[in-house]
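# Remarks on the overall topology
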Amino acid sequence: MIIKPHNPSDPLASEITPHSLYLKRRQFIGQSAALALAASALPVHALQSRTEPGSSGAPWLREQIGAARETSFGEDEVLTPYSSVTQYNNFYEFGTGKDDPYRYASKLKTDPWSVTVDGECEVKGSFTLEDLLKGQSLEERIYRLRCVEAWSMVIPWIGFPLADLIKRFKPLASAKYIEFITLEDKKQMPGQRSAFSTIDWPYREGLRMDEAMHPLTIMAVGLYGEVLPNQNGAPLRLVVPWKYGFKSIKSIVAIRFRETMPRTTWNDIAPNEYGFYANVNPQVDHPRWSQASERRLPSGLFKPNRISTRLFNGYDEVASLYSGMDLHKYY
Ligand SMILES: Nc1nc2c(c(=O)[nH]1)N[C@H]1C(S)=C(S)[C@@H](COP(=O)(O)O)O[C@H]1N2
Ligand SMILES: [Mo]
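Residues numbered from 1 in each chain as written. Chains lettered and ligands numbered in written order. Predicted model: local features only at pLDDT ≥ 70, side-chain atom pairs only at ≥ 80, totals over all residues. Heavy atoms only, no water.

## Some remarks on the nonpolar core
Quick note on the threshold: Buried Ala, Val, Leu, Ile, Met, Phe, Trp, Tyr and Cys residues that are joined via side-chain atoms within 4.5 Å together make up what is termed a nonpolar core. Burial status follows relative accessibility: with a 1.4 Å probe on protein chains alone, a residue under 20% of its type maximum counts as buried, one over 50% as exposed, and anything between as partly exposed. The numbering of helices and of strands both runs from the N terminus, where a helix is a DSSP run of H or I of at least 4 residues and a strand a run of E of at least 2.
Grouped together as the largest cluster of nonpolar side chains are 82 residues, with contacts concentrated most on Phe180, Met219, Ile255 and Phe257. Counting residues per element, this core draws most heavily on strand β5 (residues 151–161), at seven residues.

Next up, the structure:
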């Protein structure tokens, strides 16, 4: 049985998971502000019991995340359970196994954290996470995440439009692209010590400026109502819901405005398999597998939960960004 976000129809005791608790809390808070205080006592226990190892984040950040407002993005979607969202990950800095990030990322130090900003912009420098979030209101958005490996999830992110952040750095007219870089720290990231790694660290990603400014593009600092777990890219990660998951770079330490297209990690490794654009597209297959459908997690042998993949992951409003472009050529 799948529990719908706004219709949890009395789940059986066996089905009461942190997921359903979260959904109830969401409804509860929505119903009455007067009850908010009482409601806050409920999730704290639920959250603590399930996040103990990775639970971190400064008090000011927890507070800001707690004040995030709900939005209608994805309100009709069935959320992927918290356990899948936080235990089935790609974060090669911690290993290539799907549960490696869950197992090894908890010790990553995310506070203090700073991000350097440079390149084609007026405002440059090193900014602490607190600087970057000061005065920034946060919102919850439920987005589909489609990995290029043909599995997908639905995740309730807490974040803010990347456009809000970009404007503060006053990009110049010459800024045509934006580049993002993940932390490189072999001491904390065992995957970066691996002799078998094919990745030229640090992990890098990039967007065209109009993609970066699109209102669907967000920076996330939380999920499921709490601080982003380390395995999901704490403390600050990009989320671009119409592109394959590898574009949504985690644990960002540098942002650079550029005149030319930046190099990106997966495109560097296998340019014929992973393009710079990486828009979700059921008609452009990966050379080694079809992209026509996806496994929506949780997915098992007897319940594969296979669904059709949609162009731009169903976010049709981005189509105009690519008008006139051959999406088979610019994959
Ligand atoms: N720095 C970094 N960012 C990364 C990755 C990575 O290995 N390193 N993996 C990407 C891939 S392939 C996917 S599908 C998403 C997965 O995000 P999630 O684990 O939060 O679901 O993160 C992306 N961001
Ligand atoms: Mo991915």
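## A look at the site of ligand 1
Note the threshold: Only a single heavy atom is needed: when it lies within 4 Å of a molecule or strand, its residue is near that molecule or strand. Any pair of nitrogen or oxygen atoms within 3.5 Å is treated as a polar contact; in protein, a donor-acceptor pairing is required on top of that, and neighbouring residues in sequence qualify only through side-chain atoms on both sides. Using the Shrake-Rupley algorithm and a 1.4 Å probe, accessible areas are obtained, with residue cover drawn only from the displayed protein chains. Residues are grouped as follows: Ala, Val, Leu, Ile, Met, Phe, Trp, Tyr, Cys and Pro are nonpolar; Asp, Glu, Lys and Arg are charged; all remaining types, including Gly, are polar.
Within the structure, ligand 1 sits among 17 residues, and Asn89, Tyr92, Glu93, Arg237 and Lys250 are positioned closest to it. Thr182 places a side-chain nitrogen or oxygen 2.9 Å from a nitrogen atom of ligand 1. Taking Arg237, its side chain carries an N or O atom lying 2.8 Å from an oxygen atom of ligand 1. Protein contact buries 98% of the 540 Å² of open area that ligand 1 shows by itself. Within the shell around ligand 1, the residues separate by chemical class into eight nonpolar, six polar and three charged.

## A look at the packing of aromatic side chains
As a reminder of what qualifies: Two aromatic rings from Phe, Tyr or Trp, using only the six-membered ring of Trp, form a pair when their centres are within 6.5 Å; if the ring planes differ by under 30 degrees the pair is stacked, by over 60 it is edge-to-face, and anything between is tilted. For a lysine, the NZ atom is tested; for an arginine, the CZ atom; a charge sits over a ring if that atom is within 6 Å of the ring centre and within 35 degrees of the ring normal.
Taken as a whole and assessed by the stated rule, the structure comprises 15 aromatic pairs. The lysine or arginine in question, Arg144, covers the ring of Tyr315, its NZ or CZ lying 4.3 Å from the ring centre. Above the plane of the ring of Phe276 lies Lys247, whose end atom (NZ or CZ) is 4.1 Å from the centre.

## Overview of the UniProt feature "binding site: Mo-molybdopterin" (unreviewed entry) in the protein
Short version of the rule: UniProt positions are given in the numbering used here, feature names are shortened, and annotations may be inferred rather than shown by experiment. Here, residues are in contact when the closest pair of their heavy atoms is within 4.5 Å.
The positions UniProt marks with the feature "binding site: Mo-molybdopterin" (unreviewed entry) are Asn89, Tyr92, Glu93, Cys147, Thr182, Asn232, Arg237, Ser248, Ile249 and Lys250. Within the fold, Tyr92 resides in the loop between α4 (82–87) and α5 (100–104). The exposure class of Tyr92 is partly exposed, given its relative accessible area of 22%. With near-sequence residues (within four places) excluded, Tyr92 lies in contact with Glu149, Gly191, Ile199, Trp201 and Trp266.

## What about the environment of Gln87?
For Gln87, the location among the structural elements is in helix α4. Classification of Gln87 by relative accessible area gives partly exposed; the value is 34%. Along the sequence, Gln87 and Asp99 sit 12 residues apart, while their C-alpha atoms lie 5.5 Å from each other. With residues near it in sequence (within four places) discarded, Gln87 still touches Lys98, Asp99 and Tyr102.

## Considering the pattern of salt bridges
For clarity, the threshold we go by: Each salt bridge in this description consists of a side-chain nitrogen of Lys or Arg and a carboxyl oxygen of Asp or Glu lying within 4 Å of one another.
The tally for this structure, following the rule as stated, stands at 18 salt bridges. Residues Arg288 and Glu273 are paired through a salt bridge, measuring 2.7 Å at the closest nitrogen-oxygen approach. With Arg288 in the loop between α9 (265–269) and β12 (293–296) and Glu273 in the loop between α9 and β12, the pair connects residues that are 15 residues apart, well separated along the chain. Through salt bridges with shared partners, one network takes in Asp118, Glu179, Arg204, Arg256 and Arg258.

## Let's talk about the side chain of Thr80
In this structure, Thr80 sits in the loop between β1 (69–70) and α4. Given the relative accessible area of 2%, Thr80 is considered buried. A distance of 2.7 Å separates a polar atom in the side chain of Thr80 from the backbone nitrogen of Val154. Setting aside its immediate chain neighbours within four residues, Thr80 contacts Val85, Met153, Val154, Tyr224, Arg296 and Leu297.

## Things to note about the pairing of β5
Note the threshold: The rule for pairing is simple: two strands pair if DSSP sees at least two bridges between them.
Within β5, 11 of the 11 residues are buried, leaving the element largely enclosed by the surrounding structure. Of the pairings in the sheet, the one linking strand β4 (residues 139–146) to β5 comprises eight bridges and is antiparallel in character. In the strand pairing of β5, Leu145 is matched with Met153. Count of turn residues in the β4/β5 antiparallel hairpin: four residues, of which Ala150 carries a positive phi of about 75°. The sheet contact formed by β5 and β12 spans two bridges and is parallel. Directly across from Trp151, in β12, lies its bridge partner Arg295. Strand direction decides the pairing type here: β5 and strand β8 (residues 218–223), joined by five bridges, are antiparallel.

## So, the sheet that holds strand β11 (residues 252–258)
Note the threshold: Whenever a helix is involved, its axis is fitted only over the stretch in contact; in every case the axis is a line through C-alpha atoms, and angles between N-to-C directions fall within 0 to 180 degrees.
The mixed open sheet is built from five strands, whose spatial order is β3-β2-β11-β6-β7. Two strands lie at the open edges of the sheet, namely β3 (125–128) and β7 (204–208), each paired on one side alone. Each adjacent strand pair in this sheet contributes to an overall mean axis angle of 20°, direction not counted. Taken together, the five bridges between strand β6 (residues 177–182) and β7 define a ladder with antiparallel strand orientation. When the bridges of β7 are listed, Ile181 appears paired with Arg204.

## Considerations on unusual backbone geometry
With omega at 5°, the peptide bond leading from Asp111 into Pro112 counts as cis. Tracing the backbone through its elements, the reader meets Pro112 in the loop between α5 and β2 (114–119). The residue after Ala234, namely Pro235, is reached through a cis peptide bond having omega 0°. Here Pro235 lies in the loop between β9 (226–227) and β10 (237–239). Backbone geometry at Tyr224 places phi at a positive 45°, although glycine is not the residue there. When you line up the elements, Tyr224 lands in the loop between β8 and β9.

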